[in-house]
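Here are the chains, one letter per residue:
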Amino acid sequence: AGVEIDHGVKANEYLETNLPDVYTAGDCAEVMDVIADRQYVVGNWMNALMQGRLVAKSMTGTRSRFELVSSYATNLLGKEIVMIGDVSREQAEEVVQRVATEEESIELFNRHGRTVGAVLIGNVKERQAITNAIKLQQRYE
């Protein structure tokens with residue numbers, strides 16, 4: 001059909017593909033993430049839901065940039081695990097393990113002097129503070 005694809009259906013920060021009036025959303029969308037400053041696929045429910053809403057608004061005349069610090073939480077063997085933002089080790093310039101005990105761990109993924117992602121295991125009390133730092137394009141310490 002002529003839509004550009006790589007790891008997914010490529011789109012700009014408005015979820016527009018290279019074809020006029022053709023959008024993408026969800027697990028197949030490879031979107032330019034303006035917060036993380038790179039194009040990649042985020043395959044989780046929260047991301048898909050928010051992308052779908054934005055595409056619907058665009059189709060009805062309200063064009064907006066997709067700006068979301070996506071996160072995913074699960075519980076494994078009694079430990080809560082939360083992934084926030086861009087947690088690609090390959091794309092990070094620095095991965096800082098801020099807390100590391102048998103009970104909890106916090107890893108921060110930094111690029112261009114700011115935090116772009118985090119993985120929290122066990123204690124997830126800092127989830128909102130880290131999310132806010134990522135959204136504001138700041139380094140979380």
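Please refer to the structure higher up on the page.
Residues numbered from 1 in each chain as written. Predicted model: local features only at pLDDT ≥ 70, side-chain atom pairs only at ≥ 80, totals over all residues. Heavy atoms only, no water.

> Break down unusual backbone geometry for me, with residues and values.
In this structure, Leu 15 takes a positive phi of about 65 degrees despite not being glycine. Tracing the backbone through its elements, the reader meets Leu 15 in the loop between β1 (9-11) and β2 (29-33). Positive phi is not limited to glycine here, since Gln 137 has a value of about 55 degrees. (Helix = DSSP H or I, 4+ residues; strand = E, 2+ residues; numbered from the N terminus.)

> Describe the pairing of strand β8 (residues 114-121), and please don't skip the residues or the numbers.
For β8, a buried count of seven out of eight residues is recorded, marking the element as mostly surrounded by other parts of the structure. Inspection of the sheet shows strand β5 (residues 79-85) paired to β8 by five bridges, in the antiparallel sense. Note on β8: the bridge partner recorded for Val 82 is Leu 120. Across seven bridges, strand β7 (residues 105-111) lies against β8 in antiparallel orientation. By the bridge assignment, Arg 111 is partnered in β8 with Arg 114. Adjacent in sequence and paired antiparallel, β7 and β8 are bridged by two residues, among which His 112 carries a positive phi angle near 55 degrees. (Buried < 20%, exposed > 50% of the residue type's maximum accessible area, 1.4 Å probe, protein only. Pairing = 2+ DSSP bridges.)

> Now, about the pattern of salt bridges: what can you tell me, with residues and values included?
Taken as a whole and assessed by the stated rule, the structure comprises 10 salt bridges. Note that Arg 65 is salt-bridged to Glu 67, the shortest N-O span being 3.1 Å. On the accessibility criterion, Arg 65 (38% relative accessible area) is partly exposed. Here the salt bridges do not stand alone but share partners, grouping Arg 38, Asp 86 and Arg 111 into one network. (Salt bridge = Lys/Arg side-chain N within 4 Å of Asp/Glu carboxyl O.)

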